[in-house]
Amino acid sequence: MNAQASVCLQLAVVATAVKLLLVPTYRSTDFEVHRNWLAITHSLPISKWYVEATSEWTLDYPPLFAWFEWLLSQLARWVDPAMLQVANLQYASGGTVLFQRLSVIVTDLVLLAAAYALARGELTASRAEDTPPVGQQTAGGGPAKAPPPPPQQQQLGSAPSPARAPTPLPTASIASNGGVESSGADGAAGGAAGSSSGPAEGDGRRGVVLFLLVVCNAGLLLVDHVHFQYNGVMMGVLLWSLHAARCGRHLASGLLFAALLNLKHLFLYAGPAFFVYLLRHYCCEGSALGPAISATSAANGVGGSDPRVGRRFGPRPGPGPGLGLGRVVFRLAVLGSGVVAIFAVSFGPFIAMGQMPQVLRRLFPFGRGLLHAYWAANAWAPYAAADKLLALGLPALGPRLLGPGVLAWLGPRIERIERGRANLAGGLVGVSSFSVLPQVTPAATAAAVLLALLPCLATMWVGDGRPGYVRRNIARAVSYSFLCGFVFGYHVHEKAVLVALLPLALDAVHSPTAARRFLLLSTAGHYGLLPLLFRREEYGTKMLLVLSYFVVSVVALGALHSGGGSGGGDSDAGKRRRRRRQVKSKRFAVLGPAAVLYLAGFLLIELYVSVVHDAVPVLRRRLPFAPLMLTSVYCSLGVLAVWGDMAAEWAREAVAGW
């Protein structure tokens, strides 16, 4: 067992031990949700799964997850058959609790294995070369056994080009506040790889840090092992899909993602990014319209070894009779057949029974409203907060501050506010409809998500067609896609931030800019999860988990990107000590002053939420919703800052590419 495997094993043991310690902690209503789903899938025929409504917690995940629950129920009947009775609402015997808790821990092995595969991949990342996409892959998406052409040969088989070192190339030549760094390039922006410890050791350290960030994630511990859900197994499938993409197994990556969509439809937000990636790098084999066009383009001076095009954005279509469409269509048919087969296995029985409308109503409950009862920290939290503050202030201040024309327009709204004034004092901050600001429809949120995705999709299409481009950018693209869904989506849960956070960890170990984004998003996202665990008994546990993860992440990423090594061959003990002091002083510099200032604000938020609000009776009486609203809005500032930074980077790269 090598050193990296040993450290990863120790981290996995520590994470599992923490999960076991959390078994007797608080359980949310999601525990009863999944117990009810166990009962439904075990006790009822498949025709009743999406119709049964004895409990208010009806089955609303895709069918593949329902079969996952059915599989668990086959084991649950040996523990306590009473948990599998639909009528046993709120049933929570000791055996039931232990079984469901252990089922989450055991299925987390999918996540552990995926994280370790990605960690091992970092060891070989720096040795990989950007080989030409044409002819280097089989129809199954894996690399062909034929050896790559020698370095001095032109990539696409045309005229020879000057030899160059097989160094991974940046995805864009734009450098704005570390913009190139965040693309995950394995060059100098990699931090650790450029340290005095050497490339192999640096890659090993990156792998260990990546494994730590994924496996010990405080948000997953709180949501899955306290609150209770099965996010770990689904995030494991996502990471396996990303691992396959980074290794050049594009078909396997696409099929894994298709299976993931049938486990939880939340992952649909990354569908456009996966579609563009698979169309470009699997169906078209890295070129704009197929391999024949690539060869023609190279012969005409477009793409290929042209440093102004091929190095950054890959081959472009040029004139020529051979379009290579036959191979493109064949690969598209292979991919489409696999995806259709997965969806047919999942949804086929319900289509045959004529239940698809009912299934879709369960999966997409647009009648629930834009916001969850506790606002997620996204773009709609400040919007809802502004509406709430306007609703409080307009009846009293409107007549004195606004003109008669504005008052005439606001008249019906003020009357509606007065009629619903009792709701303004509710302890939850749920908003079924806005009182003053315009309503936000599902179509508007879908349009916002798609518009936000456009720069990323355009960049992924025109990006470098060689395998190294996918390795450097697929995780960033997927993370950004999920973040767009979280920021602008309809009826988004606060827990959905974890779906954007974990893929970002793959980029964070390569770039200081991405590391800063990861730390900012993880802190804002994790703090936004704390109100889910509202009992005093769990206060110390949740704060310890979140703070510990933050400190360890800052130290690990700071050391990785500070170039911290052992001093190499320097024999001067004094220089080595000074070197260590410099590294320690730089570890927190990865955050940057603005991020440090924002993160310090969480201390004030926590002081108000946990101490001041409860200590002042008038605040409890007049503003019972203030702690939750303040938490959501402040966390949303950090989330929006990360989204804006990533969106601006994708936009710069898209403009440069086109």
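Provided above is the structure to which this section pertains.
Residues numbered from 1 in each chain as written. Predicted model: local features only at pLDDT ≥ 70, side-chain atom pairs only at ≥ 80, totals over all residues. Heavy atoms only, no water.

Draft legend 1. Representation of the overall build of the chain. Each helix and strand in the chain was counted, giving 25 helices and zero strands. Counting only residues that meet the buried cut, the chain has 55% of its 658 residues in that class. Pairs at least 24 apart in sequence give 79% of the contacts found in the chain among residues at least 6 apart. For the chain, the exposed surface amounts to about 26900 Å²; the carbon and sulfur share of it is 68%. (Helix = DSSP H or I, 4+ residues; strand = E, 2+ residues; numbered from the N terminus. Buried < 20%, exposed > 50% of the residue type's maximum accessible area, 1.4 Å probe, protein only. Contact = heavy atoms within 4.5 Å. Areas by Shrake-Rupley, 256 points an atom, 1.4 Å probe, with all protein chains shown as cover.)

Draft legend 2. Spatial organisation of helix 20 (residues 512–529). In this model helix 20 runs 26 Å from its N-terminal to its C-terminal C-alpha over 18 residues, within 8% of the 26 Å that 1.5 Å per residue would give. Among the 18 residues in helix 20, 16 count as buried, and that is most of the element. (Expected span 1.5 Å × (residues − 1).)

Draft legend 3. Geometry of unusual backbone geometry. If you check the backbone angles, Gln90 has positive phi at about 60° while not being a glycine. As for its placement among the helices and strands, Gln90 is situated in the loop between helix 3 (63–76) and helix 4 (94–107). Residue classification places Gln90 among the exposed positions, given a relative accessible area of 58%. Even without being glycine, Phe228 reaches a positive phi, approximately 95°. With respect to the element layout, Phe228 can be found in helix 7 (residues 218–228). Assessed through its relative accessible area of 0%, Phe228 is described here as buried.

Draft legend 4. Examining the packing of aromatic side chains more closely. Taken as a whole, this structure holds 24 aromatic pairs when the rule is applied. With centroids separated by 5.5 Å and ring planes inclined at 80°, the aromatic side chains of Phe68 and Tyr230 adopt a geometry described as edge-to-face. Within this pair, whereas Phe68 is found in helix 3, its partner Tyr230 is found in the loop between helix 7 and helix 8 (231–246), the two being separated by 162 residues in sequence. Given the relative accessible area of 2%, Tyr230 is considered buried. Relative to Tyr634, the ring of Tyr598 lies with its centre 4.7 Å away and its plane at 15°, an arrangement referred to as stacked. Residue Tyr598 is found in helix 23 (residues 593–615), and its partner Tyr634 is found in helix 25 (residues 626–657); the two are separated by 36 residues along the sequence. Accessibility expressed as a relative area gives 13% for Tyr598, which makes it buried. Cluster of aromatic residues (ring-pair linked, three or more members): Phe31, Trp37, Tyr61, Phe65, Phe68, Phe228 and Tyr230. A cation over an aromatic ring shows up here: Arg280 above the ring of Trp461, its NZ or CZ 5.9 Å from the ring centre. (Phe/Tyr/Trp six-rings, centres within 6.5 Å; stacked < 30°, edge-to-face > 60°. Lys NZ or Arg CZ within 6 Å of the ring centre and 35° of its normal.)

Draft legend 5. Broad picture of helix 13 (residues 356–363). Three or more residues of helix 13 are buried, namely Met356, Val359, Arg362 and Leu363. Looking down the long axis of helix 13, one finds its buried residues gathered within 120° of arc, a one-sided arrangement. If you follow the buried residues of helix 13, they end up packed against helix 12 (325–352). (Arc of directions from axis to C-beta.)

Draft legend 6. Geometry of the nonpolar core. Judged by nonpolar contacts, the single largest core of 161 residues is most densely connected at Phe267, Tyr480 and Phe518. Looking at this core, the element that brings in the most residues is helix 18 (residues 467–488), giving 13 residues. Once residues lying within four places of it in the same chain are set aside, the contact partners of Tyr480 are Ala452, Leu453, Cys456, Trp643, Met646, Ala647 and Trp650. (Core = buried A, V, L, I, M, F, W, Y, C linked by side-chain atoms within 4.5 Å.)

Draft legend 7. Looking closely at the environment of His243. Looking at the secondary structure, you find His243 in helix 8. Sequence separation between His243 and Ala115 is 128 residues, and the spatial gap between their C-alpha atoms is 9.0 Å. Those residues within four positions of His243 in sequence are excluded, and the remaining contacts are Ala117, Leu118 and Arg249.

Draft legend 8. A look at the pattern of salt bridges. One pass over the structure, following the stated rule, counts eleven salt bridges. Residues Arg35 and Glu32 are paired through a salt bridge, measuring 2.9 Å at the closest nitrogen-oxygen approach. One end of the pair, Arg35, and the other, Glu32, are both in helix 2 (residues 29–43), three residues apart, so they sit about a helical turn from each other. The pair formed by Arg35 and Glu32 is uniform in burial state, with each residue classed as buried. Among the salt bridges present, the one from Arg535 reaches Glu538, with a minimum N-O distance of 2.9 Å. What you see here is one network of salt bridges that share partners, running through Arg476, Arg517, Asp645, Glu649 and Glu653. (Salt bridge = Lys/Arg side-chain N within 4 Å of Asp/Glu carboxyl O.)

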